[in-house]
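# Structural description and commentary
So the chains spell out like this:
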There are 2 protein chains.
Amino acid sequence: MFTHRAKYAIKALVHLARRVGQGPVHAQTIADDEQIPERFLELILVQLRIGGLVRSRAGRGGGHFLEGSPEDISLLSVIRAIDEQIDPLPCLSTTAYVRCRDCDDEATCTTRHLFIKIQEQQSALLSHVTLASVMPKPRMAATPAASPKLRTPTHPVLVNANSQHSPTT
Amino acid sequence: MFTHRAKYAIKALVHLARRVGQGPVHAQTIADDEQIPERFLELILVQLRIGGLVRSRAGRGGGHFLEGSPEDISLLSVIRAIDEQIDPLPCLSTTAYVRCRDCDDEATCTTRHLFIKIQEQQSALLSHVTLASVMPKPRMAATPAASPKLRTPTHPVLVNANSQHSPTT
DNA sequence: CTAAATCATATCATTTATATAGGAATAAAA
DNA sequence: TTTTATTCCTATATAAATGATATGATTTAG
Ligand code: FES
Ligand code: FES
């Protein structure tokens, strides 16, 4: 289960991704639009800046904007910036490593080996899903090379809303 | 990050998987061997029983033993039995559904769509890893049909201990 | 200088996770 | 039937993480 923090971060990033090239956006604006507690969001934005996902300008006329392009921002990078622990076990984290008191030898620990597989695949999964996957796809067929002039981005594509999936819990 | 609860559950299940056909195992024994707090483990074993993963016999000479075969017990089924929430968002859980206060319409929520993909793949991932994947593989080539007489199971196979993987946090 | 914004740090409140405790129920054996 | 060994039920305590708020300092355009 991801935390609210992570969810808010992603909502904020998607918000910014949709306004790329339109100058900095106020934290206040994001908070209002996305219905996130303002002060809480500010903390999150600072984390994202430190993590290198957004940049900001202080003072009047300031705000936040994306550092890279949407396709470079994966869910994994967000989680890392937010400093959320998603490693399956504490003994499998490099940044927050904690030894398992109930295991004598990591090298032969069956459980650990089991979770290494999980970790690898989960990591791969999260790194392949990027902000771009929820952005309207530029139809480059007809439009040859979108004019550099800033215009309101095309309206968001409605992703399929059914897709019967089986919830895990 | 999985909880200690889940880890203990898996350790206990692996313990039992290695003793299939050897009669019930005391919770005390598992606790000692796996270095899990005894009373805490008991609670977990009850959950596993209710979840249908193990059976138990009360009273003298009682204990716990696997209900199904190791290849039928996936990490997903364990998580479900333990009642751990691994759905990425509360709005994506059927058993513990909670509406997102910061989202007006689930059908068009971008974040939700993003996480549905994660959920689907994570669910698939967890359901494919079973207890059998950490059990010694029966080499059915040489040994034709292992004698029904109970013998000490073949010693655990040493899984590869290196496999440079990239921790997620 | 002033207004509008980010930035830094501390603190509080709530929930969740972890663990422990006491004893009831069950079943085998003496 | 009594004893003994075990699971089972319910409650409670302790610790940690999460979510949110508060206060004010800092930055920068006008
Ligand atoms: S060493 Fe971490 S689970 Fe065994
Ligand atoms: S409805 Fe749950 S994230 Fe938007």
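The following refers to the structure shown. (Residues numbered from 1 in each chain as written. Chains lettered and ligands numbered in written order. Predicted model: local features only at pLDDT ≥ 70, side-chain atom pairs only at ≥ 80, totals over all residues. Heavy atoms only, no water.)

Right, let's talk about the protein's contact with DNA strand D for a bit. Surrounding DNA strand D, one finds 25 residues, the nearest of these being His4 and Arg39 of chain A together with His26, Ala27 and Ser56 of chain B. His26 of chain B places a side-chain nitrogen or oxygen 3.0 Å from a phosphate oxygen of DNA strand D. Among the secondary structure elements, those contributing two or more residues to the surface near DNA strand D are helix H1 (4-17) and helix H3 (38-50) of chain A together with helix H3 (38-50), strand E1 (54-57) and strand E2 (63-66) of chain B. Ranked by the residues each element gives to the surface near DNA strand D, the list is headed by H3 of chain B, at five residues. Residue composition of the surface near DNA strand D, by class: nine nonpolar, eight polar and eight charged. (Near = heavy atom within 4 Å. Polar contact = N/O pair within 3.5 Å; in protein donor to acceptor, adjacent residues only side chain to side chain. Helix = DSSP H or I, 4+ residues; strand = E, 2+ residues; numbered from the N terminus. Nonpolar A, V, L, I, M, F, W, Y, C, P; charged D, E, K, R; others polar.)

Between chain B and chain A, the contact holds 61 residues from the first and 61 residues from the second. Among the residues chain B hides against chain A, the three largest losses belong to Met1, Thr168 and Thr169 of chain B. Together they make up 15% of the total. Run the count over chain B and chain A and you get four salt bridges. Where Lys7 of chain A meets Asp102 of chain B, a salt bridge forms, and the shortest distance between an N and an O atom there is 2.9 Å. Between chain B and chain A we count eleven residue pairs in polar contact (both at pLDDT 80 or more) in total. Looking at the side of chain B that touches chain A, the elements that each hand over two or more residues are helix H1 (4-17), helix H4 (75-82) and helix H5 (110-128) of chain B. Here the side of chain B that touches chain A takes 15 residues from H5 of chain B, the largest share from any one element. (Contact = heavy atoms within 4.5 Å. Buried area = accessible area lost by both parts, 1.4 Å probe. Salt bridge = Lys/Arg side-chain N within 4 Å of Asp/Glu carboxyl O.)

Here the focus is the relation of the copies chain B and chain A. Here chain B sits on chain A after a turn of 180° about the axis and a move of 0.0 Å along it, with an RMSD of 0.0 Å. Taken together, these values place the two copies in the relation of a two-fold axis. Considering only C-alpha atoms, the residue of chain B closest to the rotation axis is Gln122 of chain B, which sits at 3.5 Å. Take the interface residues of chain B: 100% of them recur as interface residues in chain A, which is what a same-surface contact looks like. (Least-squares fit on C-alpha atoms with pLDDT ≥ 70 in both.)

On to the protein's contact with DNA strand C, then. Surrounding DNA strand C, one finds 25 residues, the nearest of these being His26, Ala27 and Ser56 of chain A together with Arg39 and Gly59 of chain B. For DNA strand C, the fraction of protein-proximal atoms (within 4 Å) that sit in sugar or phosphate groups is 59%. Contacts to DNA strand C include Glu42 of chain A, whose side-chain N or O atom sits 3.1 Å from a base nitrogen. Contact distances for DNA strand C include 3.5 Å between a phosphate oxygen and a side-chain N or O atom of Tyr8 of chain B. Looking at the surface near DNA strand C, the elements with two or more residues in it are H3, strand E1 (54-57) and strand E2 (63-66) of chain A together with H1 and H3 of chain B. If you tally residues by element for the surface near DNA strand C, the top one is H3 of chain A, at five residues. Among the residues forming the surface near DNA strand C, the class breakdown is nine nonpolar, eight polar and eight charged.

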